[in-house]
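# What the coordinates show
Listed here are the chains, written in short residue letters.
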Amino acid sequence: KVLTDDLIVAHLSEVLDYVASSRPLKDHVSVGPGEVFLVGHSRGGKLSVLEAAQDERVGCVALLDPVDNTVYAPLAPGF
């Protein structure tokens, strides 16, 4: 299965949902509106921005040499 940007961002949202609902984690980590800080390098920077654009829990992003389209994320639907 091809890991499109859309699919990876959906998985990132699922991780945040899990942290917010997991009993052991939610006692130690807050994922309320604006409380998540994402850091991404290269394609991870692009994915961090895509997640921040759609999820109100993300309040800040730090991007290290973000990319748009590469051989790993071609210019195609879902990327």
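Because the structure is a prediction, the values reported are computed rather than measured.

### Points about unusual backbone geometry
Notably, Ser-42 is not glycine yet its phi reads approximately 60 degrees, a positive angle. Its location among the elements puts Ser-42 in the loop between strand 1 (36-41) and helix 3 (43-54). At Asp-65, a position not held by glycine, the phi torsion is positive, near 50 degrees.

### Let's talk about the confidence of the model for the protein
Detailed reading of the predicted coordinates is not advisable wherever pLDDT is low. Model confidence for the protein is summarised by a mean pLDDT of 87, while 91% of its residues fall at 70 or above. Put simply, helix 2 (residues 23-26) is where the protein has its lowest mean pLDDT, 80, and strand 2 (residues 58-64) is where it has its highest, 96.

### Comments concerning the pairing of strand 1
A one-sided burial pattern is seen for strand 1, the buried positions being Val-36, Leu-38 and Gly-40 and the unburied ones Phe-37, Val-39 and His-41. Relative to strand 2, strand 1 runs parallel, the two being bridged by six bridges. The partner of Phe-37 across the bridge, within strand 2, is Cys-60. After leaving strand 1, the chain enters helix 3 and then returns to the sheet as strand 2, a path that is right-handed.

Definitions and limits used
- Residues numbered from 1 in each chain as written.
- Predicted model: local features only at pLDDT ≥ 70, side-chain atom pairs only at ≥ 80, totals over all residues.
- Heavy atoms only, no water.
- Helix = DSSP H or I, 4+ residues; strand = E, 2+ residues; numbered from the N terminus.
- pLDDT = per-residue confidence, 0-100.
- Buried < 20%, exposed > 50% of the residue type's maximum accessible area, 1.4 Å probe, protein only.
- Pairing = 2+ DSSP bridges.
- Right-handed = clockwise from strand over helix to strand, strands pointing away.

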